[in-house]
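# Coordinate analysis (summary)
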Amino acid sequence: MLDDKQPMQAKADRMRTRESNTKVHYDGHAVMWQGANRIAADVIDIDRDAQSLRASGNVVSELVDNTANGDGAGTAAPVFTIVRAPELNYRDDLRLAVYTGGVTLTREKMTVAAKEIKAYLNPKDDTNKGQSSLNKAFADSGVQIAEATSDGTRTGTSEHCEYYTKDEKVVLNGGAPKMVDSRKGVTKGRELIYYSGDDHLIVEGENKQLAYTQMKKR
């Protein structure tokens, strides 16, 4: 989950290792970091053989998108993804971080809250072995999403949400998806898809029913 091109650093009230340091247990005010990437929790367990990390209690993870050129020169301001949750289970072979117990994900001007959030990191390859940035995130159960726009706010609710960083695409479905735009009004449908980059909204209605939009008067 952290950048494997840099050495890992960690601190905690207590630390235990076993099986030739392949299993490491940090207990009490545990913090791990590599560069700008960071994980903090009450307890952190690492299993190097299983390529897994488990954190519990007041989990806060901070991941920064890799925006540097091959020579290390940054091309844009870094984008941070910050996730807070009671529990985190991560598999490096799957590049999947599962946050549970009531989760809040914040990225730039967007915040997503849900009972569970699965964060998929960009895959590693020969030219990108240290990649740790977010590729997409799926949120489930009691989803609430809020975004600050250039001229107001946008909030959405549903039972399932998908967010894709490449296209800045948000998909709301499950339950009764609804979006409230402080400038444009209320939109409901079986599925709502919008692109935060260009403010583009696509609405799908229920079978044999029209999508619902309540526009605000100017």
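Cut-offs applied
Residues numbered from 1 in each chain as written. Predicted model: local features only at pLDDT ≥ 70, side-chain atom pairs only at ≥ 80, totals over all residues. Heavy atoms only, no water. Core = buried A, V, L, I, M, F, W, Y, C linked by side-chain atoms within 4.5 Å. Buried < 20%, exposed > 50% of the residue type's maximum accessible area, 1.4 Å probe, protein only. Helix = DSSP H or I, 4+ residues; strand = E, 2+ residues; numbered from the N terminus. Patch = residues over 30% accessible without salt bridge, like charges linked within 9 Å, V, L, I, M, F, W, Y side chains within 5 Å. Areas by Shrake-Rupley, 256 points an atom, 1.4 Å probe, with all protein chains shown as cover. Salt bridge = Lys/Arg side-chain N within 4 Å of Asp/Glu carboxyl O. Lys, Arg positive; Asp, Glu negative; His and termini not counted. Charge placed at Lys NZ, Arg CZ, Asp CG, Glu CD. Contact = heavy atoms within 4.5 Å. Polar contact = N/O pair within 3.5 Å; in protein donor to acceptor, adjacent residues only side chain to side chain. Pairing = 2+ DSSP bridges.

## Some points on the nonpolar core
The nonpolar side chains of a soluble globular protein tend to be buried, and buried together. Core analysis: the biggest nonpolar cluster contains 38 residues, and Ile-44, Leu-53, Leu-88, Tyr-99, Ile-117, Ile-145 and Val-170 have the highest contact counts within it. It is strand 8 (residues 110–121) that provides the largest number of residues to this core, a total of six residues.

## Considering unusual backbone geometry
If you check the backbone angles, Gln-51 has positive phi at about 55° while not being a glycine. Tracing the backbone shows Gln-51 in the loop between strand 4 (37–47) and strand 5 (52–64). Its relative accessible area of 39% is what places Gln-51 among the partly exposed residues. Of note, the phi angle at Glu-168 is positive, near 50°, even though the residue is not glycine. If you trace the backbone, Glu-168 turns up in the loop between strand 10 (152–164) and strand 11 (169–173).

## Points about a negative patch on the surface
The grouping of Glu-108, Asp-167, Glu-168 and Asp-198 at the surface amounts to a negative patch. Classification of Glu-168 as partly exposed rests on a relative accessible area of 33%.

## Observations concerning the environment of Asn-173
Secondary-structure assignment places Asn-173 in strand 11. For Asn-173, a relative accessible area of 18% gives the class buried. With 16 residues separating them in the primary sequence, Asn-173 and Thr-157 have C-alpha atoms 8.8 Å apart. Setting aside residues up to four positions removed in sequence, Asn-173 forms contacts with Ser-158, Glu-159, His-160, Arg-190 and Glu-191. Within the structure, the side chain of Asn-173 is placed 2.9 Å from the side chain of Glu-191, a separation counted as a polar contact.

## Notes on the pairing of strand 3 (residues 23–34)
For strand 3, the buried fraction is high: nine of the 12 residues fall into the buried class. Pairing between strand 1 (residues 9–11) and strand 3: three bridges, direction antiparallel. Bridging from a neighbouring strand, Gln-9 pairs with Trp-33 of strand 3. One ladder, built from five bridges, connects strand 2 (residues 14–18) with strand 3; its direction is antiparallel. Looking across to strand 3, one finds that Met-15 is bridged to Tyr-26. What sits between the antiparallel neighbours strand 2 and strand 3 is a turn of four residues, in which Glu-19 has the positive phi angle 50°. Where strand 3 lies against strand 4, 10 bridges are found, and the strand directions are antiparallel. Of the residues in strand 4, the one forming a bridge with Trp-33 is Arg-38.

## Concerning the side chain of Ser-196
Here Ser-196 lies in the loop between strand 14 (191–195) and strand 15 (200–204). For Ser-196, the residues in contact, after removing those within four places along its chain, are Met-110, Glu-147 and Glu-168.

## Here's the deal with the pattern of salt bridges
Scanning the model with the defined rule gives 12 salt bridges in all. Of the charged contacts in the structure, one is a salt bridge between Glu-87 and Arg-54, with a shortest N-O distance of 3.2 Å. Taken together, the positions of Glu-87 in strand 6 (residues 80–91) and Arg-54 in strand 5 put the pair 33 residues apart, joining distant regions of the chain. Judged by its relative accessible area of 25%, Glu-87 is partly exposed. Looking at Arg-54, the relative accessible area reads 38%, which means it is partly exposed. Across the pair Arg-91 and Asp-93 runs a salt bridge, and its minimum N-O distance is 2.6 Å. Owing to a relative accessible area of 41%, Asp-93 belongs among the partly exposed residues under this scheme. One network of salt bridges, with partners in common, ties together Arg-18, Glu-19, Lys-23 and Asp-47.

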